[in-house]
Amino acid sequence: MSKIVDALRQAEAARLNGNSGRDDRNKRRAFDIVTIASNKGGVGKTTIASNLAVYLRALREDEPVLMLGLDDQTPLDRMFALDSSASEAAPGDDIADGLREQSLERVTRFGQYGVDYVPTSRDLAGLRNHTGGPGFLRQTLMASRENGTVVIDTKSDFERPTCAAILASDLTLVIVKDQASLLEARRTFDLLEKAKRPRESAKILLSLVDKRVKYHEGEQTDGGHERDP
């Protein structure tokens with residue numbers, strides 16, 4: 001987690017220095033955006049996103065944290081809802097509605113661990129339609145937040161909402177579990193390159209690593225382990 005915080009601080013410094021390649025309006029916002037992405041399912045994306053939100057809230061008690069989920073699954077709602085009966089959003093009160101209104105203020109709820117969250121939408125078509133162009137999500141967040149950190153958990157795809165979240169972010173954490181997810185990670189860096197964003201605005205984060213695997217030769221030498229018989 002400390003390395004993630006360090007990477008976020010570096011991304012924030014680059015933005016404030018005007019090196020992010022984005023328009024001038026981003027220099028005036030006082031909050032950070034972190035997106036958790038992977039084009040492959042089952043890599044631990046939602047677990048990392050939710051734990052990062054809780055960690056950042058505990059680390060910076062005076063700064064709010066907002067958790068968003070761009071998926072039609074509801075584990076984030078179940079984790080952060082103060083009342084289990086409120087873990088399912090009422091019609092008109094989820095993230096698709098906030099995007100449609102171009103502000104998340106009305107649909108943001110205070111949740112467990114002091115983390116704010118916006119209820120997940122079951123309407124994937126609505127999310128795709130109302131994410132808009134590459135800058136739409138960023139502009140919506142700018143109309144909704146004053147300070148703190150926004151953590152975005154994306155769906156395991158590379159469709160419009162996921163791309164919008166990556167392009168809105170100061171830092172994208174690309175979750176990699178195996179070779180397949182590592183190959184898919186390239187798409188994130190290609191998107192950033194096409195948008196003329198620095199490669200440093202995305203980092204690969206290994207998850208669910210099998211500790212039984214030992215490397216004895218080459219650059220990946222696991223120097224702290226003895227050679228298996």
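Before any of the text, the structure's been laid out above.
Here's what I pulled together on the structure shown here. Everything numeric in this text was worked out from a predicted model, so none of it was measured.

Analysis parameters
- Residues numbered from 1 in each chain as written.
- Predicted model: local features only at pLDDT ≥ 70, side-chain atom pairs only at ≥ 80, totals over all residues.
- Heavy atoms only, no water.
- Helix = DSSP H or I, 4+ residues; strand = E, 2+ residues; numbered from the N terminus.
- Buried < 20%, exposed > 50% of the residue type's maximum accessible area, 1.4 Å probe, protein only.
- Contact = heavy atoms within 4.5 Å.
- Areas by Shrake-Rupley, 256 points an atom, 1.4 Å probe, with all protein chains shown as cover.
- Phe/Tyr/Trp six-rings, centres within 6.5 Å; stacked < 30°, edge-to-face > 60°.
- Pairing = 2+ DSSP bridges.
- Axes fitted to C-alpha atoms, helices over the stretch in contact; angles between N-to-C directions.
- Core = buried A, V, L, I, M, F, W, Y, C linked by side-chain atoms within 4.5 Å.

1. Here's the deal with the overall build of the protein chain
Here is step 1 of the chain: Counting its regular elements, the protein chain contains eight helices and seven strands.
Here is step 2 of the chain: Looking at the protein chain as a whole, 47% of its 229 residues qualify as buried.
Here is step 3 of the chain: Restricting to contacts in the protein chain with at least 6 residues of sequence separation, those with at least 24 account for 76%.
Here is step 4 of the chain: Split by element, the accessible area of the protein chain, about 11900 Å² in all, is 48% carbon and sulfur.

2. Focus: helix α7 (residues 160-168)
Here is step 1 of the chain: When you tally the buried positions in α7, you get eight out of nine residues, the bulk of the element.
Here is step 2 of the chain: Within α7 the residues assigned to the buried category are Pro161, Thr162, Cys163, Ala164, Ala165, Ile166, Leu167 and Ala168.

3. Description of the packing of aromatic side chains
Here is step 1 of the chain: Scanning the entire structure with this criterion turns up one aromatic pair.
Here is step 2 of the chain: With a centroid separation of 6.4 Å and 90° between ring planes, the pair formed by Phe80 and Tyr113 is classed as edge-to-face. In this pair, Phe80 is assigned in helix α3 (residues 75-80) and Tyr113 in the loop between β3 (109-110) and β4 (116-117), connecting sequence segments 33 residues apart.

4. A look at the sheet that holds strand β7 (residues 202-206)
Here is step 1 of the chain: The seven strands are arranged β3-β4-β2-β5-β1-β6-β7 in an open sheet whose pairing can be described as mixed. The open sheet terminates on both sides in strands that have one partner only, identified here as β3 and β7.
Here is step 2 of the chain: In this structure, strand β2 (residues 65-70) lies alongside β4, joined through two bridges in parallel fashion. Its bridge partner being in β4, Met67 is matched across the sheet by Tyr117.
Here is step 3 of the chain: Of the strands in this sheet, β1 (30-37), β2, β5 (147-154), β6 (171-176) and β7 touch helix α2 (residues 45-59), which is tilted by about 170° from β5.
Here is step 4 of the chain: Where α7 meets the sheet, its contacts fall on β1, β2, β5 and β6, and the angle it forms with β1 comes to roughly 140°.

5. Overview of the nonpolar core
Here is step 1 of the chain: Residues Ile36, Leu52, Ala53, Met67, Phe80, Val151 and Leu173 are the most contacted members of the largest nonpolar core, which totals 24 residues.
Here is step 2 of the chain: Of all the elements in the fold, those that place two or more residues in this core are α1 (2-16), β1, α2, β2, α3 and β6.
Here is step 3 of the chain: Counting residues in each nonpolar core, the second largest holds 20 residues, with Phe31, Ile33, Leu99 and Val118 among its members.

6. Side note on the environment of Gly111
Here is step 1 of the chain: By the secondary structure assignment, Gly111 is in the loop between β3 and β4.
Here is step 2 of the chain: The exposure class assigned to Gly111 is buried, which follows from its relative accessible area of 1%.
Here is step 3 of the chain: Along the sequence, Gly111 and Asp83 sit 28 residues apart, while their C-alpha atoms lie 9.0 Å from each other.

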